[in-house]
Amino acid sequence: MAFGAITGKLPLGLLLLLHVFPLFAQDSIGMTVVARGDVEIISAGETNPLGRGDFVFEHDEIVVGDRSFAVVQVIDGTKLSLRPDSRLVVEQYQFMSQEDDTATLNLISGGLRVNLGAISGENDKKYLILTPSGNLLVSEQEGLLTLCDDRICDQQGLREFDN
């Protein structure tokens, strides 16, 4: 039987999963889809340039330089867009574990836009963003956050989160 005949009988959602998941390395949380300018990743103590198609893993730190930006596509469909002069650590990422899907990001400096995918705040699924001046939960489909000298100077689609 031809591949096209087989795929023609599969549900669309399953076809999308088969198409998307092979793009990610095992255990990665996502892949860089855009990296312009000076963008680096600190992984297991090593600093390397981060470019399009490079994988991002839990505990990695992404460093975006002046007049630079990066976009990471996460395996649940979330898109993380980092602004110039940003530092972001992926503290925790858990997806496809059924009911307790969660992500915890630590925005050390700069700015971040989060366009949510499957982890969207429903059924205790959450995207938590840690900052030097407090913890925030992405409460809408899109969240924006900008830090100015370790304090939140702009935010949209986020709410304070207390443990």
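Refer to the structure presented above.
Residues numbered from 1 in each chain as written. Predicted model: local features only at pLDDT ≥ 70, side-chain atom pairs only at ≥ 80, totals over all residues. Heavy atoms only, no water.

## Thoughts on the overall build of the protein
Part 1: A count of helical and extended segments in the protein gives 2 helices and 15 strands.
Part 2: Each of the 163 residues in the protein was classed as buried or not, and the buried ones make up 38%.
Part 3: For the protein, long-range pairs separated by at least 24 residues make up 49% of all intrachain contacts whose partners lie at least 6 apart in sequence.
Part 4: Accessible surface, the protein: about 9,300 Å² in total, of which carbon and sulfur atoms supply 49%. (Helix = DSSP H or I, 4+ residues; strand = E, 2+ residues; numbered from the N terminus. Buried < 20%, exposed > 50% of the residue type's maximum accessible area, 1.4 Å probe, protein only. Contact = heavy atoms within 4.5 Å. Areas by Shrake-Rupley, 256 points an atom, 1.4 Å probe, with all protein chains shown as cover.)

## Structural notes on the state of the cysteines
Part 1: All chains considered together, the criterion is met by 1 disulfide.
Part 2: A disulfide bridge connects C148 with C153, and the sulfur atoms are separated by 2.0 Å. Taking the torsion about the sulfur-sulfur bond, which here is approximately 55°, the covalent link between C148 and C153 counts as right-handed.
Part 3: Judged by relative accessible area, which is 27%, C148 ranks as partly exposed. (Disulfide = S-S within 2.5 Å.)

## A closer look at the pattern of salt bridges
Part 1: Scanning the model with the defined rule gives 2 salt bridges in all.
Part 2: Of the charged contacts, one joins R87 and E61 as a salt bridge, the two residues approaching to 2.7 Å between their closest N and O atoms. Of the two residues, R87 is situated in strand 8 (residues 86–94) and E61 in strand 5 (residues 61–64); the sequence distance between them amounts to 26 residues.
Part 3: Notably, a salt bridge pairs E142 with R113, separated by 3.0 Å at the nearest N-O pair. Of this pair, E142 sits in strand 13 (residues 142–148) while R113 sits in strand 10 (residues 111–115), and the two are 29 residues apart along the sequence. (Salt bridge = Lys/Arg side-chain N within 4 Å of Asp/Glu carboxyl O.)

## Describing the sheet that holds strand 15 (residues 158–160)
Part 1: Pairing is mixed across the open sheet formed by 8 strands, whose spatial order is 3-2-5-8-9-11-12-15. Two strands in the sheet have a free side with no partner beyond their single neighbour: strand 3 (46–49) and strand 15. Between one strand axis and the next, the sheet turns by 25° as a mean value, whatever way the strands run.
Part 2: Bridge analysis of strand 9 (residues 102–109) against strand 11 (residues 126–131) gives 5 bridges, and the strand direction is parallel. Pairing of T104 across the sheet is with L128, part of strand 11. (Pairing = 2+ DSSP bridges. Axes fitted to C-alpha atoms, helices over the stretch in contact; angles between N-to-C directions.)

## Digging into the environment of F69
Part 1: Its location among the elements puts F69 in strand 6 (residues 69–74).
Part 2: Note on F69: relative accessible area 38%, which makes it partly exposed.
Part 3: Measuring from C-alpha to C-alpha, the distance between F69 and V39 comes to 7.2 Å, with 30 residues separating the pair along the chain.
Part 4: Setting aside residues no more than four positions away along its own chain, F69 makes contact with V34, A35, R36, V39, V64 and L82.

## Section: the sheet that holds strand 10
Part 1: Across the sheet, which stays open at both edges, the 7 strands sit in the order 4-1-6-7-10-13-14 with antiparallel pairing between neighbours. The sheet is open, and its two borders are formed by strand 4 (55–57) and strand 14 (151–156), each paired with just one other strand. On average, each strand axis in the sheet is tilted by 25° relative to the strand beside it, whichever way the strands run.

## Some thoughts on empty space enclosed by the protein
Part 1: The tally for this structure, following the rule as stated, stands at 1 cavity of 30 Å³ or more.
Part 2: If you go around the largest cavity, the residues you meet are I29, V74, L80, V90, Y93, L105 and Y127. (1 Å grid on protein atoms, 1.4 Å probe; cavity = no way out; pocket = protein on both sides within 12 Å on 5 of 7 lines; lining within 4 Å. Points joined across faces, edges and corners; volume = space filled by probe spheres on them.)

## Some points on the nonpolar core
Part 1: With 32 residues, the main nonpolar core has I62, L80, Y93, L112, Y127 and I129 as its most contacted residues.
Part 2: Residue contacts for L112: discarding those within four places in its chain leaves L80, S81, L82, R83, L88, L105, L107, I129, G143, L144 and L145. (Core = buried A, V, L, I, M, F, W, Y, C linked by side-chain atoms within 4.5 Å.)

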